[in-house]
Each structure stands twice: as structure tokens, then as C-alpha cells.
Amino acid sequence: MKRVYILAAALFLLSSCEKFLTRNPENEIGSGEFMQTENDLILYTNGFLQRHMPDEETLAWGDQYADNIATRTSTQFLIGDNWGPDEQGGWSSGASGTWSQLRNVNYFLDNLPKAKGNVADETYRHYEGVGRFWRAYFYYTMVRTFGDVPWYDTEIDVADAELLNKPRDSREFVMDKVLEDLDYAVANCSAEDRYVRSSTLINKWVALAFKSRVCLFEGTYRKYHTTLGLEATTDKFLREAANAAEELMATGPYRLVHNPANIGTQYRSLFTSESLNTTEVILGLAFKTDVRMHSMTWKLFSASFGNNWSLTQSFVNQYLMLDGSRYTDQPGYEENTYREVFENRDRRLEQTVISPAYTRRISGTARRDAPNFALTSTGYQPIKWAIDDDVHVGLATSNNSAPMFRFAEVLLNYAEAKAELGEMADAEWNRSIRLLRERAGVNGAAPVSHDPYLAAYFLNQTTDRWILEVRRERGVELAFENVRYDDIMRWHMGPLLEKTWQGIYIPEKGEVYDLNGDGTMDLSVVDAEPPANERIPGVAYVVVGSTYRLSEGSRGNIEFGFSQGRRWLDKKYLRPIPTSASQVNPALGQNPGWE
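So, here is what we can say about the structure in this document. Because the structure is predicted, anything quoted here is derived from the model rather than measured.

1. A few points about the overall build of the protein
For the protein, the count of helices and strands is 22 helices and 12 strands. Its C-alpha radius of gyration of 25 Å places the protein within 12% of the 25 Å reference for a compact globule of 595 residues. Reported as C-alpha extents along the three principal axes, the dimensions of the protein are approximately 75 × 55 × 50 Å. Classification of the 595 residues of the protein by burial places 57% in the buried group. Summarising the internal contacts of the protein: among those between residues at least 6 apart in sequence, 72% fall at separations of at least 24. Total accessible area on the protein stands at roughly 23000 Å², and carbon and sulfur atoms take up 48% of it. When the 63 positive and 81 negative side-chain charges of the protein are each reduced to one mean point, those points stand 2 Å apart.

Below is the structure:
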């Protein structure tokens, strides 16, 4: 076992500066003896899982700077116009640098032939597919971030100055290569039970799920970012997305977790259970009590450790009524109180944020718990990833596992690709969106007209009823799952990121409110915090001023974030090439607007 740990560590001891793609690790691991058996391949590719997969916090709040989430502090990237190449990272070299991830994959693929003859042909092809999956994963991340990037599919000799200093390859070229790698992974990664049963390893189904995500992103990005001049290739990627999703839907072993008796808990259980629910979860991070734990519950219930993540009112408004009607079609919905907002709504809302009925264990006793304005900025405080016991607050003892790819997303990818292709009809709706809504207790009937509230929310970019409803469903189903920011980027909806956030409706400033109806007062919005001897125990006093205000002066929605200085500029759809990278290789050039 000691040798295993030494080998695993040595695999990632890489050099810095221009050697980030060139250094041969043979001296570190004696690779003349390595990469020859299946156990060697397992060891090396397990390293990819540890190094390349996002951690649990990225999966839970990697979307924290998207349009639907308010945060106590924003990212400097969105503040004003103060970001530039000097501040940008994500292009580093060295042993733990960004490009070392690609170098590890290419080293593996270059040396994989050593195993030929020692492993079965299907095993060999499986592991080649795993390597190519991770290369596609690396380049997908880089293209989303920087656009054009240099493509390398092999280790580079240290003396090959031409390759080391070449210009960036075009987005079109790189994404075609990514598609080639994913197609190989789909065709060759195994669907054997030993690779599938735990939902923690790369296999054929993971490759299909990822392909559907990648191709949907690229197809819609090209459609809505017309300045790229790539609209003619939009349908190619959308078709690939639909086909990948449909293949998984038709032949894969997954389905939605759905038991009508558990309609109020089954959605959230996917994110709070110790075991990954392999009925629906295609790939995830597994945690186990006393073996591997994390601090997500602590951060969600900590005023200092977390970032006051909160859903916005404009997003909460998009959850449907249980009968399938639009919440925003109800007369006077704008003035609904916190309790009224949750009445007869999509059951995912109460499983995503604290509702009036929410209960958790506090000091060992199950109690009703209201939103805490020390922990939320809007009143819509997330619980999707939280364990309902304060024993985990202050400790990294949470044991809930974290899904990365779910069958639900595959259904959404299929539906959106079909809608964008103009091929959505009742049949496509019924095998995708309807299933998701009915799992949440919502009437799943197809829309008969477009929703003007949604159209306005998305800046009147489209009035296509199918596209808008799929966007609604995607937002609701995948809230706090690390896909929303990318959705906003591909839909060309950057201006949504600079809007002032609104929270719950307050009928009158200065009044004290029992938010959840448990008989205990919780909140008062005031002009000034009252003296200590006049404060009501347990009440949070939100003071209007430089941080908070009410949308109508003495009443209205709580507003937050208006003083952060968030500003959208279209150059922010891509990050700048870092100065540190351009100094080493001036041929990389710079992205538009960042010169």
C-alpha cells in the first residue's frame, strides 16, 4: 500500500515554466516498469479523478456569481472594469499548474501502448477512452474560459520551440478535437458493471452525459454569440447533444428517482444522502462518515465561513404552481409574503431553500427554523446541500455525497437541444420535462403559449415557448449544481449579472415579522438598529442604507447588492490571457477587449 501512495504522489510532481508540457516523469516513477498492467492503469486514472474532478464545494456553489444567487461579496471579475491580464490566472505551469493536467493526460496516452499485450483489447480501449475523456474535459474548461487555446495531443519535446511557442488554435479546431475525443470515449469506455455500479468512475454513460453537456454548450454559444460568425455550425453541436442524450436515455441504466410517497423529500435526498443514489446519479463524489467528510453544512449555516448564498426573488418567481400554472400569472403575486410564496408551489422550492415548514435538529431537538438574515441576504436561504442537524456547524463532519452528472441533466440537455433545433413537440416534452415536473408534484402538461415574465427576464431574447420553458426547468432542477453560470454565458445573458438582487416582500418597514408562523418573531426591516434594551430576542434587524433597501421605500422587496459595483461588459464572456502566459509566449495574443 505504501508503494501505491508513493506512485500516486509522484505522478504529479511536474516541472515549472516552459517545461510544463515536456518533462518526462520516468525518473520519478521508473516508468520502464510502470503502465504495463491493468492495476497500473487503474492507479494512474484514479489520479485523474482526484486531480480533474471539481470538489464538493465547486459542485454546490460554483454558481455563486450567476444571475439567480445573491452573495455577501461578489467576485472582483464582475466589479467595475478593474480586471485585466495581470489579475487573471488559470494558465499556470509547474507541478500543480493548469497545464500540468493536460500534460498528465498526454503522458498517459503516449505511454499506454506499453500495456498492449498485457491487458485485454477492450480493457486497453476503455482506458484510452478514459484518457481522452479527461483531455476533452480539460479543453472544454479552457475553451469556456479563454476561447481559442493551443491544442496539444502529445507530450512535447523540450527542444521543440515551435510547438511550445505556437499561437492559439481556433475555437472551431479545438472543439472539433474535443468532439473527436468524446466520440472515442463514448465508443470505447466500458459499460461493465464494475465501472458503473458506484457512480464514481468514468464509463460509457459518463462520457455520453458529458458529451451532451459539452455539445449543448457549444451549440448554443455559437448561436447566441453571433460575433463569432459560427452560426452555420450551431446545429452540428446541437444534434450531437441531442443524440448523446437520447442514446443514454434509451440504452443507459439510469432513471429519475421517483416515488410518489416521497414527493416532498426525494429531490433533496439526492444531495443530502451519504450514498450516491446510483439510480439517477451518473458520476459523483462519494463521502463516508469518519473516512471522507466535508464542511458544506457548516458553511451554509455560518455567518463568517460562508458567503450568504441566497436565491433571488426574480428566480423564485419562476417556480410553477403545483397545478402547472405560472406563479407570475396570479394577481398580486408581487406582494405575497414569505409564507404565501411557498403555498402550492413546485415541491423543489421547499427542498432548495428554507420554507415555512422547514425543520432541523438544533441542540439535539427537532425544531422549526426560519431564514436567518445573518446567513441570507434575500430570505431565500439554501438548504439543498445541508444536513438538517446543527451538530455539523463548526465541524467538517458532513458526510453527504455530491452528484456531478445526473440523469435529470441529461433529460434537460436533450430537451434544450431539441427546442433549439426547432424539433420540440409533445412527444419530446413528455419524455423529458414532463418527467421532471411530475417528480416534483407539478402538473407536467406542455405549455400552450410563451411566458411573458420569462421572456422579459431573459431580456426578450426569444418568445419561443419551448426554449423558455426548458430554461425555467433547467434553472429550477439544477439550482446550486455548478451549471447556471455557464448557462448564462452561453445564452449571452451577461447583463443579468449586474442586476440588483431582490428578496422577500416586506409589507411595512418597522414591523416585526414571524416569517414561518411558529410563534417566534424573526425579522424587522428598520431605519436604524434599536437600542439593546428595545431589541426583541431572536429578531434580526435589517437596517436600510448603504447595504439594504426596500424597493418601494417604506415597503417592498428587500434589495441587496446595489452597492457592490457589479458591471457587465461583453468582453467578460471570455477571460483575458494572463500576462504571465503572454510574457512567455507572445504569440498567444489577447482576447478582444482585453488588449
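Once the structure has been displayed, the description carries forward.
2. Some points on the pattern of salt bridges
Counted under the stated rule, the structure contains 49 salt bridges. The shortest N-O distance in the salt bridge between Glu-57 and Lys-299 comes to 2.8 Å. Taken as a pair, Glu-57 in helix α4 (residues 56-61) and Lys-299 in helix α13 (residues 296-300) lie far apart in primary sequence, 242 residues in all. When the shortest N-O distance is used, the salt bridge between Glu-247 and Lys-204 registers 3.5 Å. Taken together, the residues Glu-247 in helix α11 (residues 234-251) and Lys-204 in helix α10 (residues 204-224) connect sequence positions 43 residues apart. Residue Lys-204 is classed as buried on the basis of its relative accessible area of 18%.

3. So, the side chain of Lys-418
With respect to the secondary-structure elements, Lys-418 resides in helix α16 (residues 407-421). Residues within four places of Lys-418 in sequence aside, it is in contact with Arg-239, Ala-242, Glu-423, Met-424 and Glu-428.

4. Some remarks on the packing of aromatic side chains
Any two aromatic rings considered together are summarised by their centre-to-centre distance and by the angle between their planes. This structure, assessed with the given rule, holds 37 aromatic pairs. A ring pair is formed by Phe-217 and Tyr-221, whose centres lie 5.5 Å apart and whose planes are at 25°; its orientation type is stacked. Note that Phe-217 and Tyr-221 are positioned in helix α10 at a spacing of four residues, about one turn of the helix. Comparing Phe-217 with Tyr-221, the two get one shared label, buried.

5. A few points about the side chain of Arg-222
Within the element layout of this structure, Arg-222 appears in helix α10. On the accessibility criterion, Arg-222 (2% relative accessible area) is buried. Within polar-contact distance, the side chain of Arg-222 engages the side chain of Glu-218 at 2.8 Å. There is a polar contact of 2.8 Å between the side chain of Arg-222 and the side chain of Thr-233. Leaving out residues up to four positions away in the same chain, Arg-222 has contacts with Arg-171, Glu-172, Met-175, Leu-230, Glu-231, Thr-233, Thr-234 and Phe-237.

6. Things to note about the sheet that holds strand β9 (residues 523-526)
The sheet built from three strands is open, its strands ordered β8-β9-β10 with mixed pairing. Taken across any chain shown, the strands that pair with only one partner, and hence form the sheet edges, are β8 (512-513) and β10 (540-543). Note: β9 against β10, four bridges, orientation parallel. Each bridged residue has a counterpart across the sheet, and for Ser-524 the counterpart in β10 is Tyr-541.

7. Here's the deal with the state of the cysteines
Each disulfide consists of one covalent bond between the sulfur atoms belonging to two cysteines. Taken as a whole, this structure holds zero disulfides when the rule is applied. Summary of cysteine pairing: Cys-215 is not part of a disulfide, and the nearest cysteine sulfur, belonging to Cys-189, is at 15 Å. Since its relative accessible area comes to 1%, Cys-215 is described here as buried.

8. Remarks on unusual backbone geometry
Of note in the backbone geometry, Asp-290 takes a positive phi value of approximately 65° without being a glycine. If you trace the backbone, Asp-290 turns up in the loop between β2 (281-285) and α13. Phi is positive for Phe-480, close to 60°, though the residue is something other than glycine. Structurally, Phe-480 can be placed in the loop between α20 (465-477) and α21 (484-490).

9. Topic: the environment of Arg-339
Looking at the element boundaries, Arg-339 is found in helix α15 (residues 338-341). Setting aside chain neighbours within four positions, we find Arg-339 in contact with Pro-356, Asp-514, Leu-515, Asn-516 and Gly-517.

10. Considering the pairing of strand β6 (residues 402-406)
When you tally the buried positions in β6, you get five out of five residues, the bulk of the element. Pairing of β2 with β6, which is carried by four bridges, proceeds in the antiparallel orientation. Looking at β6, one finds that Leu-285 is bridged to Ala-402.

11. What about the environment of Leu-454?
Its place among the elements puts Leu-454 in helix α19 (residues 452-457). For Leu-454, a relative accessible area of 0% translates into the label buried. Each C-alpha atom of the pair Leu-454 and Glu-469 lies 8.3 Å from the other, and the pair is 15 residues apart in sequence. Look past the residues within four positions of Leu-454 in its chain and what remains in contact with it is Gln-318, Leu-468, Glu-469 and Arg-472.

12. Concerning the sheet that holds strand β7 (residues 501-506)
Pairing is antiparallel in the open sheet, where three strands are placed in the order β7-β12-β11. A strand with exactly one partner marks an edge of an open sheet, and here the two such strands are β7 and β11 (548-550). Taking the axes of each pair of neighbouring strands and ignoring which way they run, one obtains an average angle of 25° across the sheet. Here four bridges tie β7 to strand β12 (residues 556-560), and the two strands are oriented antiparallel to one another. Counted as the bridge partner of Ile-506 is Gly-556 from β12.

13. Digging into the packing of α11 against α16
It is the contact of α11 with α16, at a shortest axis distance of 8 Å, that shows an interaxial angle of 140°. As judged from the angle between their axes, α11 and α16 are oblique. Between α11 and α16 lies a crossing of left-handed hand. Where α11 approaches α16, its residues Asp-235, Leu-238, Arg-239, Ala-241, Ala-242, Ala-245, Glu-246, Leu-248 and Met-249 are matched on the opposing element by Phe-407, Val-410, Leu-411, Tyr-414, Ala-417, Lys-418, Glu-420 and Leu-421. Across the contact of α11 with α16, the residue classes tally to 12 nonpolar, no polar and five charged.

14. Some details on α16
Between its terminal C-alpha atoms α16 stretches 21 Å, which fits the 21 Å expected from 15 residues at 1.5 Å a residue. Once α16 ends, the next one or two residues include Gly-422, with phi positive near 75°.

15. What about helix α6 (residues 121-146)?
The terminal C-alpha atoms of α6, which comprises 26 residues, lie 37 Å apart, in line with the 38 Å expected from a rise of 1.5 Å per residue. Burial within α6 is extensive, with 19 of its 26 residues counted as buried. Just downstream of α6, Gly-147 is the residue with a positive phi angle, here 80°.

What counts as what
- Residues numbered from 1 in each chain as written.
- Predicted model: local features only at pLDDT ≥ 70, side-chain atom pairs only at ≥ 80, totals over all residues.
- Heavy atoms only, no water.
- Helix = DSSP H or I, 4+ residues; strand = E, 2+ residues; numbered from the N terminus.
- Rg over C-alpha atoms; globule rule 2.2 N^0.38 Å.
- Buried < 20%, exposed > 50% of the residue type's maximum accessible area, 1.4 Å probe, protein only.
- Contact = heavy atoms within 4.5 Å.
- Areas by Shrake-Rupley, 256 points an atom, 1.4 Å probe, with all protein chains shown as cover.
- Lys, Arg positive; Asp, Glu negative; His and termini not counted.
- Charge placed at Lys NZ, Arg CZ, Asp CG, Glu CD.
- Salt bridge = Lys/Arg side-chain N within 4 Å of Asp/Glu carboxyl O.
- Phe/Tyr/Trp six-rings, centres within 6.5 Å; stacked < 30°, edge-to-face > 60°.
- Polar contact = N/O pair within 3.5 Å; in protein donor to acceptor, adjacent residues only side chain to side chain.
- Pairing = 2+ DSSP bridges.
- Disulfide = S-S within 2.5 Å.
- Axes fitted to C-alpha atoms, helices over the stretch in contact; angles between N-to-C directions.
- Parallel < 35°, antiparallel > 145°, perpendicular 65-115°, else oblique.
- Left-handed = near helix turned anticlockwise from the far one by under 90°.
- Nonpolar A, V, L, I, M, F, W, Y, C, P; charged D, E, K, R; others polar.
- Expected span 1.5 Å × (residues − 1).

Purely spatial values, then, with no claim about function.
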